[in-house]
Amino acid sequence: MQNLDYFFIIQAWPLFLKGLWVTLYLTFWANVAGLIGGALLALCTTGPYRLLSAPAKLYIEFFRCTPALVQIVWFFFCVPILFDVFWSPIFMGVVILGMNLSAFNAEAFRAAIQTIPRAHVDAAVALGLTPFERTAYVIMPQALRYAIPVLITNGIGLFQQTSLVALVGVDELMYNGRLISTSTYRPIETYTFLVLFYLAVSIPIGRLAAFIEARSDRALKA
Amino acid sequence: MDNLDFSVVWKFRDALAWGLMMSLLLSGICSLAGTVLGFFIALCQQSRFRAVRWAAALYVEVLRGAPTLITLFWVFFCLPIILGVEINAFWSSIIALTLYMGAITSESFRSSLKSIGQDQYDACNALGLAPATRTFYVIAPQALIRAIPNILSNVISLFKESTLVSAVGMVELMYTAQSISNITARPIEILTAVALIYFVIGYGFSWVVSSVELRIRARVQS
Amino acid sequence: MTVLQPFVWGRSMADHFLKIRGLEKSYAMGVIKVLNGLDLTMTSKDRLVVIGPSGGGKSTLLRCIMGLENIAAGAIDINGEPYIGADNGATRIDRRIQKQIGMVFQSYTLFPHLNVLKNLTLAPVRSRGVPRSVAEDRAREIMRRFGLDQKLTAYPSELSGGQKQRVAIARALMLDPKLMLFDEVTSALDPELVSEVIAMIIELADGGMPMMIVTHDMWFARRIATRVVFCAGGTIAEDAPPEEFFARPTSQRARDFINNVLHANAEPA
């Protein structure tokens with residue numbers, strides 16, 4: 001066993017930070033896309049129009065039931081050929097990760113919408129609210145509260161999934177970590193440090209989700 | 001993109017079938033080993049000794065907080081150095097996926113234990129059952145039954161995560177697909193076919209899980 | 001491990017069957033007092049019905065007698081022997097006596113993963129060392145006596161609420177209890193299923209089983225009680241035979257309670 005040497009980390013620091021920046025960038029924008037996409041998909045699946053709900057359900061099932069790596073590899077290899085577009089790898093990463101997250105968030109929203117008591121919808125109808133008003137003022141605000149812990153959990157999941165785009169050459173944290181590991185021949189230090197980077201982001205946010213869940217459990221008991 | 005030729009998929013059917021078999025084998029072995037490990041971790045989390053509880057909690061936090069890809073790289077690159085033994089791609093994959101399955105499954109066991117109501121404990125105490133009898137004959141069997149749907153959906157997650165092991169050169173379906181795409185320069189046909197294979201298996205299994213869940217839910221109501 | 005000698009009931013005077021002195025119980029670190037120096041005596045001929053407002057301590061009283069709660073102060077004696085006592089914050093329980101008390105809960109509490117026969121035989125076989133064949137014979141006998149012998153191999157999820165509660169009572173009877181505690185056993189049931197459970201309890205009462213019952217069903221209370229105890233504010237506010245209690249309650253709280261209850265649900269014929 002070689003001597004552990006964490007000194008080299010100081011030299012590798014800029015590369016780590018740059019990777020972390022790209023990882024956080026991917027996480028943020030994919031989450032934005034995933035929240036919007038998820039809400040839209042959930043409204044499609046719970047709505048009355050079959051023309052919208054059937055394709056939305058197929059989309060959700062497809063993205064939930066196939067491995068993220070397969071989606072990513074397919075997207076990076078096939079989309080440029082099929083559609084003759086050449087985007088930057090980071091933008092490609094945001095799009096495919098956002099599409100993946102949309103499917104999982106849509107499920108979170110759908111489950112939340114279904115836990116809203118039927119009586120609330122009936123009450124909204126009885127008050128003479130239009131379908132749009134019911135959705136905007138009664139259903140979605142409640143659904144959002146139920147869904148928030150799951151949405152945060154999905155967001156953390158996505159943060160971890162960003163490491164997959166390293167395998168198709170996006171230079172985020174994981175990719176740069178491998179680079180450092182191979183150029184310095186110090187895999188133990190590098191990968192241990194990488195783990196700490198990921199934990200430093202995911203554990204606090206996970207705690208936050210648990211806290212919010214416990215609090216809203218109490219608030220919604222009424 | 002004008003001339004798609006899906007016959008290439010049929011031409012490489014043997015290689016793809018072999019890859020699929022390895023994926024299923026890997027998922028199967030790691031599901032079993034990981035479930036046993038997860039049960040053990042869940043027991044450790046209930047331990048009387050604080051050190052044991054903390055070690056188990058740390059294990060779960062790290063394995064769930066860091067991307068599985070890092071666990072895999074850590075096992076593949078670092079573990080051999082630390083232990084001073086050769087660990088090939090196959091065994092690295094087995095170890096990493098089992099560690100991951102153990103972490104998520106221990107959470108399933110933990111939440112199913114928590115879901116057993118105080119009234120079951122009251123009934124046991126009113127009948128004068130000793131604590132060991134209570135755990136062994138009343139609480140543990142119910143916790144196991146309730147954890148089954150959750151564990152089965154963990155198996156699906158594991159099956160999807162198993163694509164990662166292609167990154168350390170383990171020959172399974174994803175690795176095979178990427179190799180064939182490179183040789184034939186036909187990524188669209190191969191990757192689409194492989195995505196469909198993953199979808200059919202993942203979707204079929206999740207259908208089984210939800211029907212099992214319905215049956216169990218009917219059974220565990222007292 | 002010590003072999004426990006069976007505790008013999010009914011050895012001393014009947015009026016010392018159950019004696020509770022100064023029982024105190026609180027939750028939330030002593031902030032919420034549920035039982036507040038409660039005194040109560042019961043003879044072996046008594047069938048005590050405990051009524052009173054929610055939060056008045058009825059269920060807690062039964063749970064304390066069963067030994068499910070830690071008590072803050074006071075003592076419970078059975079046949080003049082100490083059964084439960086508070087001992088510098090710890091609760092001391094004589095397990096020999098505890099094993100001869102049976103309790104049935106509002107929420108059935110059958111073990112959902114075991115069939116009816118296994119539910120009945122689990123405690124005798126695993127904790128009292130009764131041979132399995134003996135326990136099973138006894139289970140069949142009890143189930144036949146209460147008309148449930150068709151359901152021996154059924155799982156709890158396949159039973160109606162009334163059947164579940166009768167099986168729960170049968171499960172308690174398997175241990176040959178000398179005192180039965182019923183905690184709101186009909187409260188979770190649909191109205192049409194209440195009578196079969198009440199009939200079973202009445203049959204037990206006619207067989208001479210001492211029992212303590214918490215219920216909101218005033219008709220049932222009047223039918224089965226030898227004494228009615230009104231429990232409010234963590235103490236016994238009134239204690240009288242049923243005819244007297246329902247006709248002329250002496251305390252104002254009991255009067256208000258009875259008026260409210262009798263006006264809320266019209267009395268069955």
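Residues numbered from 1 in each chain as written. Chains lettered and ligands numbered in written order. Predicted model: local features only at pLDDT ≥ 70, side-chain atom pairs only at ≥ 80, totals over all residues. Heavy atoms only, no water.

This part covers the overall build of chain A. Scanning chain A from terminus to terminus reveals 8 helices and 0 strands. Secondary structure elements of chain A occur, N-terminal to C-terminal, as α-α-α-α-α-α-α-α. Along the first, second and third principal axes, the C-alpha set of chain A runs to 70 × 45 × 25 Å. Considering only intrachain contacts with a sequence separation of at least 6, the fraction spanning at least 24 residues in chain A is 77%. In the form shown here, chain A has an accessible surface area of approximately 11400 Å², with 69% of it arising from carbon and sulfur atoms. Chain A carries 14 positive and 11 negative side-chain charges, and their two centres are separated by 8 Å. (Helix = DSSP H or I, 4+ residues; strand = E, 2+ residues; numbered from the N terminus. Contact = heavy atoms within 4.5 Å. Areas by Shrake-Rupley, 256 points an atom, 1.4 Å probe, with all protein chains shown as cover. Lys, Arg positive; Asp, Glu negative; His and termini not counted. Charge placed at Lys NZ, Arg CZ, Asp CG, Glu CD.)

On to the interface of chain C and chain B, then. Between chain C and chain B, the contact holds 27 residues from the first and 21 residues from the second. Where chain C meets chain B, there are 1 salt bridge. The residue B:Asp122 makes a salt bridge to C:Arg63 at a minimum N-O spacing of 2.7 Å. Linking chain C to chain B there are 7 residue pairs in polar contact (both at pLDDT 80 or more). (Salt bridge = Lys/Arg side-chain N within 4 Å of Asp/Glu carboxyl O. Polar contact = N/O pair within 3.5 Å; in protein donor to acceptor, adjacent residues only side chain to side chain.)

It is worth spelling out the interface of chain B and chain A at this point. A common way to state how big an interface is: give the accessible area lost once the parts meet. At the junction of the two partners, chain B supplies 33 residues and chain A supplies 34 residues. Where chain B abuts chain A, roughly 3300 Å² becomes buried across the two surfaces, and 79% of that area is made up of carbon and sulfur atoms. Interface area lost by chain B to chain A is led by B:Ile70, B:Lys160 and B:Phe199, which between them contribute 16%. The interface formed by chain B and chain A includes 7 residue pairs in polar contact (both at pLDDT 80 or more). Secondary structure elements with two or more residues in the side of chain B that touches chain A: helix H3 (50–65), helix H4 (68–83), helix H8 (173–184) and helix H9 (187–220) of chain B. (Buried area = accessible area lost by both parts, 1.4 Å probe.)

Residue and element names in this part refer to chain C. Bridge count for strand E4 (residues 73–78) against strand E5 (residues 81–87) is 4 bridges, and the pairing is antiparallel. Bridging across to E5, Ala 75 finds its partner in Gly 85. Here E4 folds back onto E5 in antiparallel fashion, the turn holding 2 residues, of which Asn 79 has a positive phi close to 50°. Pairing of E5 with strand E6 (residues 90–93) involves 4 bridges; the strand directions are antiparallel. Its bridge partner lying in E6, Gly 85 is registered against Arg 92. Connecting E5 to the next strand, E6, in antiparallel fashion are 2 residues, including Asn 88 with a positive phi near 50°. (Pairing = 2+ DSSP bridges.)

On to the sheet that holds strand E11 (residues 235–240) of chain C, then. Residues and elements named next belong to chain C. Strand order in the open sheet made by the 6 strands is E7-E8-E9-E3-E10-E11, with mixed pairing throughout. In this open sheet, the two strands that pair with only one neighbour each are strand E7 (101–104) and E11. Averaged over neighbouring strand pairs, the angle between their axes works out to 20° when direction is ignored. For strand E8 (residues 179–183) and strand E9 (residues 211–214), the ladder comprises 4 bridges, and the chain directions are parallel. Across the sheet, residue Met 180 finds its bridge partner in E9, namely Met 211. Helix H1 (residues 58–66) contacts strand E3 (47–51), E7, E8, E9 and strand E10 (227–232) of the sheet and is inclined by roughly 145° relative to E8. Packed onto the sheet, helix H5 (residues 161–173) meets E7 and E8 and runs at close to 170° relative to E7. (Axes fitted to C-alpha atoms, helices over the stretch in contact; angles between N-to-C directions.)

Applying the stated criterion to the full structure yields 2 cavities of 30 Å³ or more. What lines the largest cavity is B:Ala123, B:Ala126, B:Leu127, C:Met103, C:Val104, C:Phe105, C:Tyr108, C:Thr109, C:Ala168, C:Arg171 and C:Ala172. Among the elements of the structure, helix H6 (118–126) of chain B together with E7 and H5 of chain C are those that each provide at least two residues to the lining of the largest cavity. Broken down by element, the residue count for the lining of the largest cavity peaks at 3 residues, all from H5(C). Taken as a whole, the second largest cavity encloses approximately 30 Å³ of empty space. Taken together, B:Ala126, B:Leu127, C:Lys99, C:Gln100, C:Ile101, C:Gly102, C:Ala172, C:Leu175 and C:Pro177 form the lining of the second largest cavity. Residue classes in the lining of the second largest cavity are distributed as 6 nonpolar, 2 polar and 1 charged. (1 Å grid on protein atoms, 1.4 Å probe; cavity = no way out; pocket = protein on both sides within 12 Å on 5 of 7 lines; lining within 4 Å. Points joined across faces, edges and corners; volume = space filled by probe spheres on them. Nonpolar A, V, L, I, M, F, W, Y, C, P; charged D, E, K, R; others polar.)

Time to look at the packing of H3(B) against helix H5 (residues 89–114) of chain B. Residues and elements named next belong to chain B. Running from N to C, H3 and H5 cross one another at 115°; their axes reach a closest spacing of 9 Å. Judged by the sense of rotation from one axis to the other, the crossing of H3 with H5 is left-handed. Facing H3, whose interface residues are Tyr 59, Val 60, Leu 63 and Arg 64, H5 presents Leu 99, Tyr 100, Gly 102, Ala 103, Ile 104, Ser 106 and Glu 107. Each residue belonging to the contact of H3 with H5 can be placed in one class, and the counts come to 7 nonpolar, 2 polar and 2 charged. (Left-handed = near helix turned anticlockwise from the far one by under 90°.)

All names here are of chain A. By volume, the second largest pocket amounts to about 520 Å³. Contributing to the lining of the second largest pocket are 17 residues, with Thr 46, Gly 47, Pro 48, Thr 135 and Ile 139 lying nearest its centre. Of all the secondary structure elements, the ones that give two or more residues to the lining of the second largest pocket are helix H1 (8–46), helix H4 (89–115), helix H5 (118–126) and helix H6 (131–161). Looking at the lining of the second largest pocket element by element, the count peaks at 5 residues for H6. Within the lining of the second largest pocket, the residues separate by chemical class into 11 nonpolar, 4 polar and 2 charged.

This model, assessed by the stated rule, comprises 20 salt bridges over all chains. In this structure, C:Glu24 and C:Lys33 form a salt bridge, with 3.8 Å as the shortest nitrogen-oxygen distance. Among the charged side chains, a salt-bridge network with shared partners connects B:Asp122, C:Lys25, C:Arg63 and C:Glu69.

If you check H3(B), its first and last C-alpha atoms are 22 Å apart, about what 16 residues at 1.5 Å a residue would give, namely 22 Å. For H3(B), every residue scored as buried is listed here: B:Ala56, B:Tyr59, B:Val60, B:Leu63 and B:Gly65. (Expected span 1.5 Å × (residues − 1). Buried < 20%, exposed > 50% of the residue type's maximum accessible area, 1.4 Å probe, protein only.)

Confidence in the prediction of chain B, expressed as mean pLDDT, is 90, and 98% of residues score 70 or more. The least confident element of chain B, judged by mean pLDDT, is helix H1 (residues 7–11) of chain B at 85; the most confident is H5(B) at 94. (pLDDT = per-residue confidence, 0-100.)

Before going further, it helps to spend a moment on the packing of helix H2 (residues 13–45) of chain B against H8(B). Residue and element names in this part refer to chain B. Where H2 meets H8, the closest approach of the two axes is 7 Å, and the angle between their N-to-C directions is 155°. One way to sum up the angle between H2 and H8 is to call them roughly antiparallel. Only Leu 173, Thr 176 and Ile 180 of H8 make contact with H2, whose side of the interface consists of Ala 15, Leu 16, Gly 19, Leu 20 and Ser 23. Split into classes, the residues belonging to the contact of H2 with H8 amount to 5 nonpolar, 3 polar and no charged. (Parallel < 35°, antiparallel > 145°, perpendicular 65-115°, else oblique.)

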